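Spelled out, the chains give:
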Amino acid sequence: MFKEIHNKYLRYISIFIYSIIIFFCALQLNFLWLFGYSPSIHDIKMPTLSVGSELYTSDGKLIGRYYKENRTPVDFKQISPSVINALVATEDVRFYKHIGIDFRSLLSSGISTATGDKRGASTITQQLAKNMYRTRYNKSQGFIRHIPVVRTIVSKLKEWMTAVKLESNYSKNDIITMYLNTVSFGNNTYGIKTAARIYFDKQTDSLTVPESAMLVGMLKGTSTYNPVRYPERALERRNVSLSQMNKYGYITDQQLNEFKSLPLDLKEGRVDEGSDGDSYLRAAVSKYLEKWCKDNRYDLYEDGLKIYTTIDSKLQKYAEEAVAEQMRIIQKRFYNVWGNEDPWQDSEKHKVDYPGRAMHNLPIYAMLEKKYANNPDSITAYFNKKKKMKIFSYKGDRDTLFSTMDSIRYYGKIMNTGMMTLDPFTGKIKVWVGGVDHKFFKYDHVNQAKRQAGSTFKPFAYLAAFESGMSPCDTFTDKPVKIKYEENGKTEYWEPRNADWNTTYREMSLRTAMGRSVNTVTAQVTEKVGWDNVVKWAHECGIDSHLQSVPSVSLGPNDVSVYEMVRAYGTFLNKGVRTDPILVEKITDQDNTVIEDFVAKTKRVLSEEIAWLMLYMFRGGMEEPGGTSQALWEWDLWKKNNQIGGKTGTSSDYVDAWYMGITKDLVTGVWVGCDERSAHFKNGETGEGSRTALPIFAKFMEKVYHDQSTGYTYGPFPKATVPITRSINCPTPSYAVDTAVTDSVVTDSVNVAPATEGEATQEKQEEVKPEEKKAAEPAPKQLPPVPLTRKEERELRRKQRQEEKERKKNENNAN
């Protein structure tokens, strides 16, 4: 068709123009996969920006983000004019005059380069095209990426094409806003809003002229002009930007001189913690949403979701404070108990070489064994070599010189905790404290860790008893028990003992037995209802872990999580309806359009009557004489007829300590122990649940009650809404007891030993010798002491509380 053009020069020009058109069409269409991806008109109109998701509490407080690029978008009207002026003056002074490609600047840049003065000519729009559509990435370059000069030319042409498309679809203000939202400011900081927060702890509309100039100046080289690492370079580059602003009339000469004399004045900020779940809560939410994101094709780290958790920010704060306060005390107590002695020992009090075992389990140990096969001393030297490291302490992070073995020994003695609070009526988790410090201890002790439940598992035996037709007033005798069972075709016997190794030979109601946590009665109840039924009802209430069905199951030898125990106890408060806890309430997009609402799944597993009876049983820990929750009297928890139900728990050898607390509104579970199970307290006075875990619950609830804005108030449990057909009116007389051997107010009946190896190990009280135990047991025919009058009972309790307060005060002073 070009032959029809008779003018030779016109024909050549037409061929050239046609070739250019064909070339750009081939470039856009990625002809024969030569040129790689180019953004389409749809891509231009619907740009995708990698934006991190934000995590909020239920009351709207931002508590963290998930991101691959730390970025938060901002609108044009939220950007300080000084940022816009600095950017235009420094990067593209003709920005408001060109069409995306500045041919005048391109020409002058070519001339400057030819004379040896290399100067870039990319406009802000071209830089946006490169940043947003990644036109220079290998996957965007096609086969021509293997031809060095050609690939550069093609990439540049694609930037031009994309820049023109952007200019034809967006206003100048939109383009400059998109640019400032996409550009990197170093230190994994993307976008002007994040940069303003990270470097100056400010919002973008509050940035001053010098601050704006520094941030814009960084864009020439975020590593070279990083103000944290190279403040002198950053200051010099800032002043260059200020000079450009002065040159093009954005600031006066006087302002220039004034601004140049100012220091950088950095103020380190943060965007409410970082990414990848750098707290127990963020990690838990990430895990919680893993399946949801996969099913709904969302990327938690790039799709800019707003995730509203069920966490109450005030309750979370009070829980973290209570944990920090009590765990400091517990750690000091642990150090005082063991002194310079290694705390790692088994149930027979034989020392355990925990540091050696931990060293052998490290991946690097196998490598060193191969490297130094004939030289074990070199391996030892490697693990004993001192180096600088930052370690955890309850007074804050501490710099020290530690070897690997020093570190193993140090962390092998650190006590840890897990705490969760649930509103069982809605299924919303209000508090999640996975440990003492996520930076040093990644393992979450709410849902990941599973530990022996101890006596907190006893309520499931009494639940099974109620399901079989018993009532809280049914009585059993506290007496030695020998339970026969079959194991591997052999007849075995299990003989549990109480925590204080004493038996009273008194008849007591089920409520008294559970309130006092009496092992012998619990064992008899378990035998009568069948341990398979105890396991069954534990699973029905919400325990998912495998439970070994053995005679001692009610005394808690099985490992369970705090999460499971709180869910199961929540069934009792929620009138027999099991509620699967939810950690996320709703998810929205960046425009606050709701994507998903989360509602807890529920299932009725108990009748309302039996659920109410279980709450009545839990109150026995406070209301029954000698109840194991009576240490709660020390705190301000008893106004306006407030009622608290609870259960302490301590596993064998004081390895695991628990407290499960129930109020009219909430269920809270607390576990305390050392990650290394061979490290534990020596006796109940220092290590049982009422001494370690219970105070965390008490301090937490005290803080909650004292803050009326939380909405949680003192008050009794709800009255029964259905007829109670079981007998509950069976008050227990108080007896004058000798507390010299054991204080029943704070003693918890914990796991006891089975008769055969392999069952739950026997709990031991070091301060009571075997011959003393035998002497302390009253004869079967001994008459019980005379019951106290109500006035004497109240006086006895008052004295016990006073003594307990004095003991706590002395202990704290000693620590």
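Coordinates for the structure precede this section.
Residues numbered from 1 in each chain as written. Predicted model: local features only at pLDDT ≥ 70, side-chain atom pairs only at ≥ 80, totals over all residues. Heavy atoms only, no water.

1. Quick notes on the environment of Pro 231
Logical step 1: Locating Pro 231 in the fold gives a position in helix H10 (residues 231-247).
Logical step 2: Look at Pro 231 and you get partly exposed, because its relative accessible area is 32%.
Logical step 3: Separated by 35 residues in sequence, Pro 231 and Leu 266 have C-alpha atoms that sit 9.5 Å apart. (Helix = DSSP H or I, 4+ residues; strand = E, 2+ residues; numbered from the N terminus. Buried < 20%, exposed > 50% of the residue type's maximum accessible area, 1.4 Å probe, protein only.)

2. Focus: helix H22 (residues 531-541)
Logical step 1: Regarding H22, the residues found buried are Trp 531, Val 534, Val 535, Trp 537, Ala 538 and Cys 541.
Logical step 2: Of the surrounding secondary structure, the elements contacted by the buried residues of H22 are helix H19 (459-467), strand E12 (483-487), helix H21 (519-529), helix H23 (562-573) and strand E16 (577-579).
Logical step 3: Gly 542 sits one or two positions beyond H22 and adopts a positive phi of about 140°. (Contact = heavy atoms within 4.5 Å.)

3. A closer look at H10
Logical step 1: With 17 residues, H10 should cover 24 Å at 1.5 Å per step; its first-to-last C-alpha distance of 24 Å lies within 8% of that length.
Logical step 2: Buried within H10 we find Ala 234, Arg 237, Arg 238, Asn 239, Ser 241, Leu 242, Met 245 and Asn 246.
Logical step 3: Summarising the contacts, the buried residues of H10 are in contact with helix H3 (81-91), helix H9 (209-218) and helix H11 (253-260).
Logical step 4: Following H10 by one or two positions, Gly 249 has its phi on the positive side, about 80°. (Expected span 1.5 Å × (residues − 1).)

4. Remarks on unusual backbone geometry
Logical step 1: A positive phi angle, near 65°, is found at Trp 501, a position not held by glycine.
Logical step 2: Given the relative accessible area of 10%, Trp 501 is considered buried.
Logical step 3: In this structure, Ser 517 is a non-glycine residue whose phi angle is positive, near 60°.
Logical step 4: By the secondary structure assignment, Ser 517 is in the loop between helix H20 (510-516) and H21.
Logical step 5: According to the relative accessible area criterion, Ser 517 is buried, its value standing at 0%.

5. Overview of a nonpolar patch on the surface
Logical step 1: Taken together, Val 93, Tyr 248 and Tyr 250 make up a surface patch of nonpolar side chains, about 240 Å² in accessible area.
Logical step 2: Considering the arrangement of structural elements, one finds Tyr 250 in the loop between H10 and H11. (Patch = residues over 30% accessible without salt bridge, like charges linked within 9 Å, V, L, I, M, F, W, Y side chains within 5 Å. Areas by Shrake-Rupley, 256 points an atom, 1.4 Å probe, with all protein chains shown as cover. Salt bridge = Lys/Arg side-chain N within 4 Å of Asp/Glu carboxyl O.)

6. Description of the sheet that holds strand E5 (residues 306-309)
Logical step 1: Spatially, five strands are ordered E2-E1-E5-E17-E18 in an open sheet, and the strand pairing comes out mixed. Strand pairing shows two members of the sheet lacking a second neighbour, strand E2 (62-66) and strand E18 (594-597), which therefore form its edges. Geometrically, the sheet is characterised by an average inter-axis angle of 20° between neighbouring strands, direction not taken into account.
Logical step 2: Direction of pairing for strand E17 (residues 584-588) relative to E18: antiparallel, over a ladder of three bridges. Looking at E18, one finds that Thr 588 is bridged to Val 594.
Logical step 3: Packed onto the sheet, helix H12 (residues 280-288) meets strand E1 (53-56), E2, E5 and E17 and runs at close to 55° relative to E2. (Pairing = 2+ DSSP bridges. Axes fitted to C-alpha atoms, helices over the stretch in contact; angles between N-to-C directions.)

7. Here we look at the packing of aromatic side chains
Logical step 1: Evaluation of the coordinates by the stated rule reveals 28 aromatic pairs.
Logical step 2: Between Phe 392 and Tyr 394 the ring centres are 4.9 Å apart and the planes differ by 75°, which places this aromatic pair in the edge-to-face class.
Logical step 3: Note on Phe 392: relative accessible area 3%, which makes it buried.
Logical step 4: With a centroid separation of 5.3 Å and an interplanar angle of 45°, the aromatic rings of Tyr 659 and Phe 697 are classed as tilted. Of this pair, Tyr 659 sits in strand E21 (residues 656-662) while Phe 697 sits in helix H27 (residues 689-706), and the two are 38 residues apart along the sequence.
Logical step 5: Assessed through its relative accessible area of 0%, Phe 697 is described here as buried.
Logical step 6: One aromatic cluster is present, built from ring pairs that chain together Phe 392, Tyr 394, Phe 402, Tyr 410, Tyr 411, Phe 440 and Phe 441. (Phe/Tyr/Trp six-rings, centres within 6.5 Å; stacked < 30°, edge-to-face > 60°.)

8. A closer look at the nonpolar core
Logical step 1: Counting 140 residues, the largest nonpolar core has Leu 289, Ile 307, Trp 432, Phe 457, Phe 460, Met 565 and Phe 700 as its most contacted members.
Logical step 2: Look past the residues within four positions of Phe 457 in its chain and what remains in contact with it is Val 534, Ala 538, Leu 547, Val 553, Ser 554, Gly 556, Val 560 and Met 565.
Logical step 3: The next biggest cluster of nonpolar side chains, apart from the first, holds 42 residues, and it includes Val 183, Val 216, Met 218 and Phe 259. (Core = buried A, V, L, I, M, F, W, Y, C linked by side-chain atoms within 4.5 Å.)

9. Quick notes on the environment of Ser 223
Logical step 1: Counting through the fold element by element, Ser 223 comes out in the loop between H9 and H10.
Logical step 2: Between the C-alpha atoms of Ser 223 and Asn 187, which are 36 residues apart in sequence, the distance is 8.5 Å.

10. Describing the sheet that holds strand E22 (residues 667-674)
Strand-to-strand pairing in sheets goes through backbone hydrogen bonds, with the strands running parallel or antiparallel.
Logical step 1: The antiparallel open sheet is built from five strands, whose spatial order is E9-E8-E22-E21-E20. On the outer flanks of this sheet lie strand E9 (428-433) and strand E20 (645-650), each paired with one strand and no other. For this sheet the average axis-to-axis angle between neighbouring strands, irrespective of direction, equals 10°.
Logical step 2: Bridge count for E20 against E21 is six bridges, and the pairing is antiparallel. If you follow Thr 648 over to E21, its bridge partner there is Tyr 659.

11. Concerning the pairing of E12
Logical step 1: Judged from the five bridges that link them, E12 and strand E13 (residues 490-494) form a sheet pairing that is antiparallel. Pairing of Tyr 485 across the sheet is with Glu 492, part of E13.
Logical step 2: Between the end of E12 and the start of E13, which pair antiparallel, lie two residues, with Asn 488 showing a positive phi angle near 55°.

12. A closer look at the packing of H19 against helix H24 (residues 608-618)
Logical step 1: The N-to-C vectors of H19 and H24 enclose an angle of 140°; their axes lie 11 Å apart at closest approach. If you check the angle between H19 and H24, you find them oblique. Of the two elements, H19 crosses H24, and the hand of that crossing is right-handed. Only Ile 610, Leu 613, Met 614, Met 617 and Phe 618 of H24 make contact with H19, whose side of the interface consists of Pro 459, Tyr 462, Leu 463, Phe 466 and Glu 467.
Logical step 2: Grouping the constituent residues of the contact of H19 with H24 by class yields nine nonpolar, no polar and one charged. (Parallel < 35°, antiparallel > 145°, perpendicular 65-115°, else oblique. Left-handed = near helix turned anticlockwise from the far one by under 90°. Nonpolar A, V, L, I, M, F, W, Y, C, P; charged D, E, K, R; others polar.)

13. Considerations on the state of the cysteines
Logical step 1: Counting across every chain of the model gives one disulfide.
Logical step 2: Disulfide pairing places Cys 473 opposite Cys 730 at an S-S distance of 2.1 Å. Taking the sign of the torsion about the S-S bond as the criterion, the disulfide between Cys 473 and Cys 730, at about -90°, is left-handed. Here Cys 730 lies in the loop between H27 and helix H28 (770-776) and Cys 473 lies in the loop between H19 and strand E11 (475-477), a separation of 257 residues in the sequence. Both residues of the pair, Cys 473 and Cys 730, belong to the buried class. (Disulfide = S-S within 2.5 Å.)

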